[in-house]
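Structural characterization, general
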Amino acid sequence: MLLTYILAGLAAGFFAGTFGIGGGAIVIPILIYAYKAAGMNATEAIRLAFGTSLATMAFTGLSSFLSHVKRRNVDFSWFKKLFFPAGIGSLVGGLIAARIPGVWLELALSLMLGYFGIKLLLQKEEHIKTYFLLKKLYLFAGFFSGLTYSLAGMGGASVLTFYLTHTGLNIRKAIGTATGIILPISVGAIIGFGITAGMPHNWRWGYIDLYALLFLSICSILASKMGVRVASALPVAKLRKAFGIFMFLLAGKTLLGVIGI
């Protein structure tokens, strides 16, 4: 399983740095498959995959955020506004997610993967409309992004990137700012998933696999720096389309798992 953790961490870190996403789209399906293959029941595997992925993104998000700060891709006024409501939303979502049937979480994940796959394939920066009234809804936007992240295992930073681009920020500033909000979202989710299943045991705290977390975090931190460089230097539009296709494939695979195929 160690090689699985390493590869998943590298992929998640790279795409987190490039697109400003949390990386759960990659980590969660891989962890679900690995846990099921090890004999874990479906609900336990799904919850453990969600909690571990969300915890990993705290480290990945911080690394990506610091790299974006160096490149001046962060709007700190928006960062301050969204920080706390996003963390509260993820805490609430984590408490809910750890108590509902695992198949619902897996279905939510597949829908989120499909939605953001469409968004990545179709969205063009020059066609993004600006709605200045949205600026007043930052508390809701932050809370909703955190709630979405915990319940669907991904999408929180993507929700914020989408929101920020529609309030007037360019795509690079939106991505850089959103990566910073991954940190409070992940911390809230860690608490929500961690306190729901008892005390630490067998390298676990609640629904967080500490062994997987260690290797996923190290690899994702290293790869996130490369992802930030790519986002700053290469044509992101082509990479966005390629990742959109990849997300569709993951959505299909996850959905097949829900219906038992």
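Located above this text is the structure these notes cover.
Please read all numbers here as calculations on a predicted model, not as lab measurements.

A short note on the overall build of the protein chain
- Of regular secondary structure, the protein chain possesses 10 helices and 2 strands.
- What you see in the protein chain, going N to C, is helices and strands ordered as α-α-α-α-α-α-α-α-β-β-α-α.
- Out of the 261 residues in the protein chain, the part that is buried amounts to 54%.
- In the protein chain, the share of contacts with a sequence separation of at least 24, taken over all contacts with a separation of at least 6, comes to 82%.
- Only carbon and sulfur atoms are counted for the fraction: they give 73% of the accessible area of the protein chain, which is about 11500 Å².

Description of a nonpolar patch on the surface
- On the surface, a nonpolar cluster with roughly 380 Å² of combined accessible area is contributed by Leu 2, Trp 203, Leu 210 and Tyr 211.
- Among the structural elements, Tyr 211 can be located in helix 9 (residues 210–233).
- Take Tyr 211: its relative accessible area is 34%, and that puts it in the partly exposed class.

What to know about the nonpolar core
- Membership of the largest hydrophobic core comes to 38 residues, with the highest contact counts inside it found for Leu 31, Tyr 35, Leu 164, Ile 181, Phe 193 and Leu 216.
- Of all elements in the fold, only helix 1 (2–19), helix 2 (24–37), helix 3 (42–70), helix 4 (76–97), helix 6 (138–152), helix 7 (156–165), helix 8 (171–194) and helix 9 reach the threshold of two or more residues within this core.
- Tallying contributions element by element places helix 3 first for this core, with 8 residues.

A short note on the packing of helix 4 against helix 6
- Packing of helix 4 against helix 6 leaves a shortest axis separation of 6 Å and a crossing angle of 40 degrees. In this structure, the crossing between helix 4 and helix 6 has a hand that is right-handed.
- Grouping the amino acids of the contact of helix 4 with helix 6 by side-chain chemistry returns 13 nonpolar, 8 polar and 1 charged.

Here we look at unusual backbone geometry
- Residue Arg 72 is not a glycine yet carries a positive backbone phi of 60 degrees.
- In this fold, Arg 72 is placed in the loop between helix 3 and helix 4.
- Of the residues examined, Arg 72 reaches a relative accessible area of 72% and is grouped as exposed.

Some words on helix 4
- Its 22 residues place the ends of helix 4 30 Å apart at the C-alpha level, agreeing with the 32 Å of an ideal helix rising 1.5 Å per residue.
- Helix geometry: helix 4 is bent most strongly at Leu 82, by close to 35 degrees, with proline Pro 85 lying one to four residues after it.
- Every buried residue of helix 4 is listed here: Trp 78, Phe 79, Leu 82, Pro 85, Ala 86, Gly 87, Gly 89, Ser 90, Gly 93, Gly 94 and Ala 97.

Structural notes on helix 3
- The terminal C-alpha atoms of helix 3 lie 42 Å apart, and with 29 residues this matches the ideal 42 Å at 1.5 Å per residue to within 8%.
- The sharpest bend along helix 3 comes to roughly 25 degrees, located at Ala 58.
- For helix 3, the tally of buried residues reaches 21 of 29 residues, placing the bulk of the element in the interior.
- Looking at where helix 3 begins, the residue whose side-chain oxygen comes 2.8 Å from the main-chain nitrogen of Glu 44 is Asn 41.
- Arg 72 sits one or two residues past helix 3 and shows a positive phi near 60 degrees.

Cut-off values and rules
- Each chain carries its own residue numbering, running from 1 in the direction its sequence is written.
- Where totals are concerned, whole chains, interfaces and linings use all residues; where local detail is concerned, this predicted model gives features only for residues with pLDDT of at least 70, and gives and counts side-chain atom pairs only at 80 or more.
- Water and hydrogen atoms were dropped before computing side-chain values, which therefore reflect all heavy atoms in the structure.
- Each helix corresponds to a stretch of at least 4 residues labelled H or I by DSSP, and each strand to a stretch of at least 2 residues labelled E; elements are numbered beginning at the N terminus.
- When accessible area is computed with a 1.4 Å probe and restricted to protein chains, residues below 20% of their type maximum are described as buried, those above 50% as exposed, and intermediate ones as partly exposed.
- The criterion used for residue contact is that any of the two residues' heavy atoms lie within 4.5 Å.
- Each accessible area is a Shrake-Rupley estimate made with a 1.4 Å probe; only the visible protein chains count as cover when residues are assessed.
- For patches, a residue must show more than 30% relative accessible area and have no salt bridge; joins then use 9 Å for like charges and 5 Å for nonpolar side chains, namely Val, Leu, Ile, Met, Phe, Trp and Tyr.
- Salt bridge criterion: a side-chain nitrogen from Lys or Arg within 4 Å of a carboxyl oxygen from Asp or Glu.
- To qualify as a nonpolar core, a set must consist of buried Ala, Val, Leu, Ile, Met, Phe, Trp, Tyr and Cys residues joined through side-chain atoms within 4.5 Å.
- Between N-to-C directions, angles cover 0 to 180 degrees, with each direction set by a line fitted to C-alpha atoms, over the stretch in contact for helices.
- By definition, turning the near helix anticlockwise from the far helix through less than a right angle yields a left-handed crossing, and turning it clockwise yields a right-handed one.
- Note on residue categories: nonpolar means Ala, Val, Leu, Ile, Met, Phe, Trp, Tyr, Cys or Pro, charged means Asp, Glu, Lys or Arg, and polar means any other residue, Gly included.
- To estimate how far a helix should extend, the number of its residues minus one is multiplied by 1.5 Å.
- Two axes enter the bend calculation: one fitted to the seven residues ending at the residue in question, the other to the seven starting there, and the bend is the angle between them.
- We define a polar contact as two N or O atoms separated by no more than 3.5 Å, with the added condition that, inside protein, one atom must be a possible hydrogen donor and the other a possible acceptor, whereas residues neighbouring each other in sequence contribute only through side-chain atom pairs.

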